[in-house]
Amino acid sequence: MVGRNMLAHPAGDMPDVLAPSRSELDLTDENAVRRYLHDMRPDVVIHAAGKVGGIKANMADPVGFYLQNLQIGTNVLLAARDSGAKKVINLGSTCMYPRHAENPLVETSILTGELEPTNEGYALAKIGVQRLGQYLSSSSLDFEVKTIIPCNLYGPFDKFDELNAHLIPAVLRKLHLAREQGDEAVTIWGDGTARREFMYVGDLTGLLWRCCSDFDRLPPLMNAGIGRDFSIKDYYEIAAEIVGYKGRFVYDTSQPTGMKQKLASSELAAEWGWKAKTDLHEGLTRTYEYFRANQ
Ligand SMILES: NC(=O)c1ccc[n+]([C@@H]2O[C@H](COP(=O)([O-])OP(=O)(O)OC[C@H]3O[C@@H](n4cnc5c(N)ncnc54)[C@H](OP(=O)(O)O)[C@@H]3O)[C@@H](O)[C@H]2O)c1
């Protein structure tokens, strides 16, 4: 989703961009990654690949989420350094934060407590790659890895299938089907009070392009979010309005919902001079249009 949106919304002063698909370059293959970066010699590497999924997918395959993300990240960072690239922008995730960290989550609270068990494997891999980037940066004069930690994202090119969908695409698909089938009720996992921060992916791509041109001033580790959160119930209600679903909601409290709140601090990003601009209603409307055109 992030990579395709970057290509769909290029920066004004767009550099030459290489964006190999998995069939062209399997990032778990260390030698292939080394060969590719050695041959292409990029100035900047944006690491936006990984095994990514929602709670269900993470719980079903912690081994895959841990190993693949660690392996891909390690291969990309080490090969980038050895290819002579000077700048790497690495993407983290707010699941790197301890489950009991105080909200809003500040970048310095990583590794200060235990992780949320439902996606621990994924989080450990993300932390491992971020720390590897930090160590490599401090042991080299002309190679730097900076990690951006986006809050949850949604938008075009998101995954809408049942196993892999994150909250927003899952909600849009569920409400769309319920409306089509005339269902009177839709089930929400949990009691609907957990709070989450979601950003329209177009806002993140704008930030990532800017990271390329304003890399030196960019902090080594920085959150990227909208600076406010909504309850799960809020997301369902706003999405229902957009989809045109008029039924009720029922709550299944036997299902896992993860952390109670996850709101990233936007202070560092504001100091760097960046702010997300897409409002939730507008972002959900665009995402629903994408879903309808591509389902
Ligand atoms: N989505 C979110 O809400 C969110 C929130 C915070 C942070 N992030 C971070 O942002 C980054 C991008 O996420 P996303 O939502 O764009 O994920 P995505 O849509 O799943 O895209 C991940 C991409 O990585 C590719 N990939 C996976 N394994 C690969 C391999 N071995 N070799 C080559 N390519 C491989 C996938 O290829 P295939 O299409 O072939 O599978 C896919 O194109 C990730 O680091 C993620 O942790 C995402």
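Above this text sits the structure in question.
Since we're looking at a predicted model, the values are computed, not measured. Residue positions are given per chain, counting from 1 as you read along its sequence in written order. Residue-level local features of this predicted model are given only where pLDDT is at least 70; pairs of side-chain atoms are given and counted only at 80 or more, and the full residue set underlies all totals for whole chains, interfaces and linings. Hydrogens and water are ignored here; the side-chain numbers use all heavy atoms of the structure.

A.B. asks: Tell me about the overall build of the chain, and name the residues and values.
C.D. replies: Helical segments are the DSSP runs of H or I of at least four residues, strand segments are the runs of E of at least two, and each set is numbered from the N terminus. Broken down by element type, the chain carries 10 helices and 11 strands. Our radius of gyration looks at C-alpha atoms and nothing else; its globule reference is 2.2 Å times the residue count to the power 0.38. The globule rule puts the C-alpha radius of gyration for 295 residues at 19 Å, and the 19 Å found for the chain is close to it. By its C-alpha atoms, the chain is 60 × 40 × 35 Å across when sized along the principal axes. Of all 295 residues assigned to the chain, the portion counted as buried reaches 49%. In what follows, residue pairs with any heavy atoms lying within 4.5 Å of each other are defined as contacts. Restricting to contacts in the chain with at least 6 residues of sequence separation, those with at least 24 account for 83%. Accessible area for the chain stands at about 14,300 Å²; split by element, carbon and sulfur atoms hold 50% of it. Exposed residues in this analysis have more than 50% of their type's maximum accessible area, buried residues have under 20%, and partly exposed residues fall in between, with area computed by a 1.4 Å probe over protein chains only. Accessible surface is estimated by sampling points in the Shrake-Rupley manner with a 1.4 Å probe; for residues, cover comes only from the protein chains shown.

A.B. asks: Give a detailed account of the site of the ligand, specifying residues and quantitative values.
C.D. replies: We define proximity as follows: a residue is near a molecule or strand when any one of its heavy atoms falls within 4 Å of that partner. The ligand sits among 22 residues. The nearest are Met 1, Val 2, Tyr 122, Lys 126 and Lys 159. Definition of a polar contact: a pair of N or O atoms within 3.5 Å, with one able to donate and the other able to accept a hydrogen when the atoms are protein atoms, and with sequence-neighbouring residues admitted only if both atoms are side-chain atoms. Between Asp 26 and the ligand, the recorded distance is 3.0 Å, taken from a side-chain N or O atom to a nitrogen atom. Leu 27 is positioned such that a nitrogen or oxygen atom in its backbone is 2.9 Å from a nitrogen atom of the ligand. Isolated, the ligand exposes 900 Å² of accessible area, and the fraction of that covered by the protein chains is 81%. For the shell around the ligand, the secondary-structure elements that each account for two or more residues are helix 5 (120–138) and strand 4 (152–154). Basically, the charged four are Asp, Glu, Lys and Arg, the nonpolar ten are Ala, Val, Leu, Ile, Met, Phe, Trp, Tyr, Cys and Pro, and anything else, Gly included, counts as polar. Across the shell around the ligand, the residue classes tally to 13 nonpolar, five polar and four charged.

A.B. asks: Could you give an account of helix 7 (residues 201–213), naming the residues involved and the relevant values?
C.D. replies: Helix span, expected: 1.5 Å multiplied by one less than the number of residues in the helix. Given a rise of 1.5 Å per residue, 13 residues ought to cover 18 Å, and the 19 Å separating the end C-alpha atoms of helix 7 matches this to within 8%. Along helix 7, the positions that sit buried rather than exposed are Val 201, Asp 203, Leu 204, Thr 205, Leu 207, Leu 208, Trp 209, Cys 211 and Cys 212.

A.B. asks: Explain the sheet that holds strand 3 (residues 144–150) to me, and be specific about the residues and the numbers.
C.D. replies: Here, a strand pair is defined by DSSP locating no fewer than two bridges between the strands. Across the sheet, four strands lie side by side as 1-2-3-8; this open sheet has parallel pairing. Unpaired on one side and paired on the other, strand 1 (44–47) and strand 8 (221–224) mark the two borders of the sheet. The average undirected angle you get between the axes of adjacent strands in this sheet is 20°. Bridging between strand 3 and strand 8 involves four bridges; their strand directions are parallel. In the strand pairing of strand 8, Thr 147 is matched with Leu 221. Under this scheme, a helix contributes an axis fitted over its contacting stretch, all axes are lines through C-alpha atoms, and angles between N-to-C directions fall in the 0 to 180 degree range.

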